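Chain and residue survey
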Amino acid sequence: MEDGIIFALDIGTRKILGLVMQKVSSSYRVLASEMIEHRTRAMYDGQIHDVEAVAENIERVKNALEERLQITLDSAAVAAAGRALKTSRGRVLKRRSNLDEIKLAEVRALEIEAVQQAQYELAQKETDSRGNSNYICAGYSVVAFTLEGQELASLVGQVGSEMAVEVIATFLPRVVIDSLLSSLRKVGLKIFSLTLEPIAALSVAIPPEMRLLNLVLVDIGAGTSDIAVVKENSIFAYAMVPLGGDELTEQIATQYLLDFNTAEQVKRLLSTNKEIELLDILGNHQQVAGEEILQGLEPVIDQLASSVAEEIMALNQKSPDAVICIGGGSLTPGLPARIAEKLGLPLNRVGIRTPDRFYNIEVPADFLKGPQGVTPLGIAYNSFTVPPVPFIKVRVNEREVALWNIGDLNVATALLSSGISMNNMYGKPGMGKTILMNGQLRVIKGELGSSPIIRLNGEEANLETPVFDDARIEYQRGRDGRDALILVRDMLPFTGGSVTVNDKVVRIKAVVTVDGKDAYEDEEIPDRARVEYQPINTLARVLALAGVPEHLINQRVYRYYVNGQEMVAQWLPIKVRVDGGEAKLEDTVGDGAVIKYSLAQLRPRLRDVIDASESFDLNITVNDKKVRLKGKGAVMLMNDRVVDLDQELEDEARIFINKGLNSAIFSDVFQVVEIQMGNRGRLVMKVDGQAAGYTTPIYEDSVVELYWMNP
C-alpha cells in the first residue's frame, strides 16, 4: 500500500464499506469508496458467523478499490462492533530520571502499559472455568494525562519527572476479534490498526473541542447500538445495546410474511415512500401505507429507544446535554424523538450527525454522506490522527495472537493478550482430609500443585523471557495437586501377620471400623471420617485369638482390707514370655513373635498381696534406736478365720493381723544389735524398764536397754 493513504474497512452486520483516505495538507480526502451488502445473513448482531462469506465480500471491496485507484492494498484499518463489550480502567505512573522533553514514543508506551493494567484487572474478574480470560482489547481512550500531579491535555513536549496516564480500555469476546482477523487473513490483508467502532466514530463525530459538554454518541447499526459518553474534556464510558435495525427488519418480515432481504428494502423505503408495494413469500401482492408499517413497528422502536436510554442513564447517572445519533439505524422514523422522550430531553437535543459537517474531511457525494458514513470515515481518520501501534504476531498454543509492539514484550504479555489468566498459573493444592482416629484428629494434606510449563520456540522459558515476531509459545497451566487419598492400611501401625503361641501358629490382623462400619485394608477413608482402630497385636488379644480362655487373660482386681485399711490387688492367672523375655498383656507383639504362656495360679495367695516382713515382724526400741525383730507368734485372721500366708485371697476379704500375740525372746536382740565384747563389768539387760534375762519375752513396741556396767 502506498505511503500517505489508509485503507479503512467498516465490516457491519448488513454491509461492508471500504474507503481509501489520503491526508492532503491539513485535511483528509476520500479517494474512493465501495460498499457491498451481504447476500446472506453472514453476520448477526455485529458477530461474524460465516467467515468465508464475509471474506468474499471484503475481497470484492478490496479488488474494486485497487482497480479504481490502480494501487495494491495489503493492510487495513478495522474496527469491531461493541458486541458483549466490557470496559476496564487502567492507570500507570512513571518516574523519569531525566528532564528531557517527553517524546511521543514515551507517551504511547505509557498508554499501552495502562491498557495492559486494565487488561489484567479485567482478567481477575472475567475468567472461564479453566481460569482463562476470553476477552481481548479492541481499543482504548485516554481519560487523563497528569504531569507532576497536574492534569494536562497532552504530555508530548512537556518536561517533568513524574507522569501518569489513565485509560479506559474496551474488550470484546475473543471470538469476535478472532473471526474479524480470520476474515482479513483469508484475503491477504494485514492489520494496520484495530479499534472499537464507537472510538473511531467519536474521533470525527465528537472531536476534542466538543468534549467539554456532556454528550452521548449512539451508533445504531443493524445488529448493535454502540454508546460512548464524553464529559469534562474526556471520554467517560463505553457500552453496547444488543439491538439495532435488524429488529425492525425482522418485525416487518414477520408481520407481512417477507424474506429478510425484502423486509430490509421495505424498511429503507419508509422514510421516503408513503405507499409501498409488497410481495410476500407466497407470491401475494399488496399495497401497504408506510404509516401502517410504522405503526406496527412502534413496539420495537420503543424497545430500542428504551434500551438505549436505560444504558445511557446507567453510564451517565443523569440525562446528558445532548445525544448524537449515527449509523443507518438512526434514520428510523421517530427513533431520535423517542430517545429524547425516554431521557427527558427536548427534541432538539437528540439529533443525527452526518459527515457533510466534518470541516476537515472531504467526502464524495455518495453513500458516505449519510449517518452510516460516520464510522468508516472515523476508522480512517482515527488511524491518521492516532498513529497505530504496530502489531507483531506470535502463536500461543498454536493460536495466532496479535500483540502491540511497544518494545520489551515478554511471555507474560503474550499469555495475557491470548486470554490466559495470570492468577492461576500454578496448580492448586489438592484438598486435604481430616480424620478422627481413635478420638485424635489427624490431618492428611493433599498433593501440592505443580508449576506451569512454558516453552518459547521449543526451549524452556519463563514469564520474563522476551518474545519477538513469529515466536511460538507453548503454555501448560500447572497441574492441580491430587486430593488426599488415604486407605485404611495407611492409617494403621499394624495390619496383620503371624505369631507362634505355645508352638501354635496364629494369624492376626487389626480390627478397624470407619464411621461405625467394618472396613477393609484397601478401603479409602472419606473426609471427616471417624476411624476406630483396635490393634489386635496386643499380647492380650493375640492370646485370645490363640484360644486362651478369657478368664485367664483378663486381669482381675481384688479389693480387700488389712487391719481396716482398704487395699487393691491386680492378678493375672498366667505368666507370659515373648521371645524369651517377660511381657505384659498391654505390650504389642510384632510379626513372627514367639509367645510362651503357663498357668501360674487362678487366685492370689495372701503372701502374694501381703508383705509378710512388714506385717509379722516386731517393731521395738533398743538403746533409743528403732529396730525390727522376726516375730514368732503373730495371728492372722481372714473373715474371722485363722489363716496362714498360703491361703487364697477372697473377694472383699477383711484381714486382721494380731501382733499383740506375736513375741520374741531377749536373746533375739543380739541378732540385730552388735554388743562389744571384752569389756570388764556386768552386762545389764532390761525390757520395759525391768531387769531381764536371755529368755525374757519381747513384744511389739517393747523398749530394750542393753549396756555394760563397770564393777
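You'll find the structure just up there.
Residues numbered from 1 in each chain as written. Predicted model: local features only at pLDDT ≥ 70, side-chain atom pairs only at ≥ 80, totals over all residues. Heavy atoms only, no water.

Another aspect to go through is the overall build of the chain. What the chain contains, in helices and strands, is 15 helices and 46 strands. For the chain, the C-alpha radius of gyration of 52 Å lies well beyond 27 Å, the compact-globule estimate for 711 residues. Taking the principal axes of its C-alpha atoms as reference, the chain extends roughly 160 × 75 × 55 Å. Sequence-distant contacts in the chain: of pairs separated by 6 or more residues, those separated by 24 or more amount to 64%. For the chain, the accessible surface area stands at approximately 35,800 Å², while carbon and sulfur atoms represent 48% of it. Charged side chains in the chain number 76 positive and 97 negative. The centres of these two groups are separated by 6 Å. (Helix = DSSP H or I, 4+ residues; strand = E, 2+ residues; numbered from the N terminus. Rg over C-alpha atoms; globule rule 2.2 N^0.38 Å. Contact = heavy atoms within 4.5 Å. Areas by Shrake-Rupley, 256 points an atom, 1.4 Å probe, with all protein chains shown as cover. Lys, Arg positive; Asp, Glu negative; His and termini not counted. Charge placed at Lys NZ, Arg CZ, Asp CG, Glu CD.)

Below, the discussion takes up the nonpolar core. Grouped together as the largest cluster of nonpolar side chains are 73 residues, with contacts concentrated most on L9, L19, I58, L217, I361 and L377. When sequence neighbours within four positions are dropped, the list of residues in contact with L9 reads I16, L17, G18, I58, V61, A76, A77, V78, A79, L184, L189 and I379. Residues V229, A305, C325 and A340 belong to the second largest nonpolar core, which totals 39 residues. (Core = buried A, V, L, I, M, F, W, Y, C linked by side-chain atoms within 4.5 Å. Buried < 20%, exposed > 50% of the residue type's maximum accessible area, 1.4 Å probe, protein only.)

Below, the discussion takes up the sheet that holds strand β9 (residues 150–152). Read from one edge of the open sheet, four strands run β7-β10-β8-β9, paired in antiparallel fashion. Every interior strand has two partners, whereas the edge strands, β7 (86–95) and β9, have only one. Strand-to-strand, the axes of this sheet are offset by a mean angle of 35 degrees, without reference to chain direction. Inspection of the sheet shows strand β8 (residues 135–147) paired to β9 by three bridges, in the antiparallel sense. Paired with L147 across the two strands is Q150, which belongs to β9. Sheet strands in contact with helix α3 (residues 174–186) are β8 and β10 (162–173), and its direction is about 80 degrees off that of β10. (Pairing = 2+ DSSP bridges. Axes fitted to C-alpha atoms, helices over the stretch in contact; angles between N-to-C directions.)

A word on the environment of I525. Considering the arrangement of structural elements, one finds I525 in the loop between β30 (517–518) and β31 (530–534). Considered as a pair, I525 and D515 are 10 residues apart in the sequence and their alpha carbons are 9.5 Å apart. Not counting the four nearest positions on each side in its chain, I525 is found in contact with K433, I435, I486, L487, V488, M491 and V531.

As a further point, take the environment of L155. Inspection of the secondary structure puts L155 in the loop between β9 and β10. On the basis of relative accessible area, L155 is assigned to the buried category, the value being 0%. Linking L155 and V107, residues 48 residues apart in sequence, is a C-alpha distance of 6.9 Å. Excluding residues within four positions of it along the chain, L155 makes contact with I102, V107, L110, F145, T146, L147, M163 and A164.

The next point concerns the packing of helix α7 (residues 290–316) against helix α8 (residues 335–343). Orientation of α7 relative to α8, taken along the N-to-C sense of each, is 50 degrees, at an axis distance of 9 Å. Here α8 runs oblique to α7, going by the angle between their axes. Relative to α8, α7 is oriented so that their crossing is right-handed. Along the contact surface, α7 presents E298, I301, D302, L304, A305, S306, V308, A309, I312 and M313, while α8 presents L335, R338, I339, K342 and L343. Split into classes, the residues belonging to the contact of α7 with α8 amount to 10 nonpolar, one polar and four charged. (Parallel < 35°, antiparallel > 145°, perpendicular 65-115°, else oblique. Left-handed = near helix turned anticlockwise from the far one by under 90°. Nonpolar A, V, L, I, M, F, W, Y, C, P; charged D, E, K, R; others polar.)

The full count for this structure, using the stated rule, is four aromatic pairs. With a centroid separation of 6.1 Å and an interplanar angle of 65 degrees, the aromatic rings of F666 and F670 are classed as edge-to-face. Ring-pair connections join several aromatic residues into one group, and the members of that group are Y28, Y381 and F384. A cation over an aromatic ring shows up here: R89 above the ring of F236, its NZ or CZ 5.5 Å from the ring centre. (Phe/Tyr/Trp six-rings, centres within 6.5 Å; stacked < 30°, edge-to-face > 60°. Lys NZ or Arg CZ within 6 Å of the ring centre and 35° of its normal.)

On to the sheet that holds strand β17 (residues 322–326). Spatially, the five strands line up as an open sheet ordered β14-β13-β12-β17-β18, and their pairing is mixed. With partners counted over all chains shown, the strands left at the sheet margins are β14 (234–241) and β18 (350–352), one partner each. Taken over all neighbouring pairs, the strand axes of this sheet differ in orientation by 20 degrees on average, direction set aside. Bridge count between β17 and β18: three bridges; the pairing is parallel. Counted as the bridge partner of C325 is I352 from β18. Here α7 sits on the sheet in contact with β12 (215–220), β13 (225–231), β14 and β17, set at roughly 35 degrees to β13.

Bringing the pattern of salt bridges into the picture now. Tallied over the entire structure, the rule returns 26 salt bridges. For the salt bridge of E52 with K186, the shortest nitrogen-to-oxygen distance reads 3.3 Å. Residue E52 is found in helix α1 (residues 51–69), and its partner K186 is found in helix α3; the two are separated by 134 residues along the sequence. The class of E52 is exposed, set by a relative accessible area of 52%. Looking at K186, the relative accessible area reads 49%, which means it is partly exposed. (Salt bridge = Lys/Arg side-chain N within 4 Å of Asp/Glu carboxyl O.)

It is worth spelling out α8 at this point. Two residues of an α-helix separated by three or four positions point the same way, owing to the 3.6 residues in each turn. If you check which residues of α8 are buried, you get L335, P336, R338, I339, A340 and L343. Within two residues after α8, G344 carries a phi angle of roughly 70 degrees, on the positive side.

Turning next to the side chain of D10. Turning to its location among the elements, D10 is positioned in strand β1 (residues 5–11). Of the side chains bearing the opposite charge, K15 lies closest to the buried D10, which forms no salt bridge; the N-O distance is 4.8 Å. With sequence-adjacent residues up to four places away left out, D10 is seen in contact with K15, I16, L17, E197, T375, P376 and I379.

A separate point is unusual backbone geometry. The residue D470 is not glycine, and still its phi comes out positive at about 70 degrees. In this fold, D470 is placed in the loop between β25 (459–460) and β26 (472–476). A relative accessible area of 55% places D470 in the exposed class. Positive phi, close to 50 degrees, is recorded for N563, a residue that is not glycine. Mapped onto the secondary structure, N563 falls in the loop between β32 (556–562) and β33 (565–571). In this structure N563 comes out as partly exposed when scored by relative accessible area, which is 42%.

Now for the pairing of strand β34 (residues 574–578). Only one face of β34 is covered, namely the face carrying I574, V576 and V578; the face carrying K575 and R577 is uncovered. The sheet contact formed by β34 and strand β36 (residues 594–599) spans five bridges and is antiparallel. Within the sheet, the bridge partner assigned to V578 lies in β36 and is I595. The sheet contact formed by β34 and strand β35 (residues 581–582) spans two bridges and is antiparallel. Note that in β35 the partner of V578 across the bridge is G581. The turn linking β34 back onto β35 is made up of two residues, and D579 within it adopts a positive phi angle of 50 degrees.

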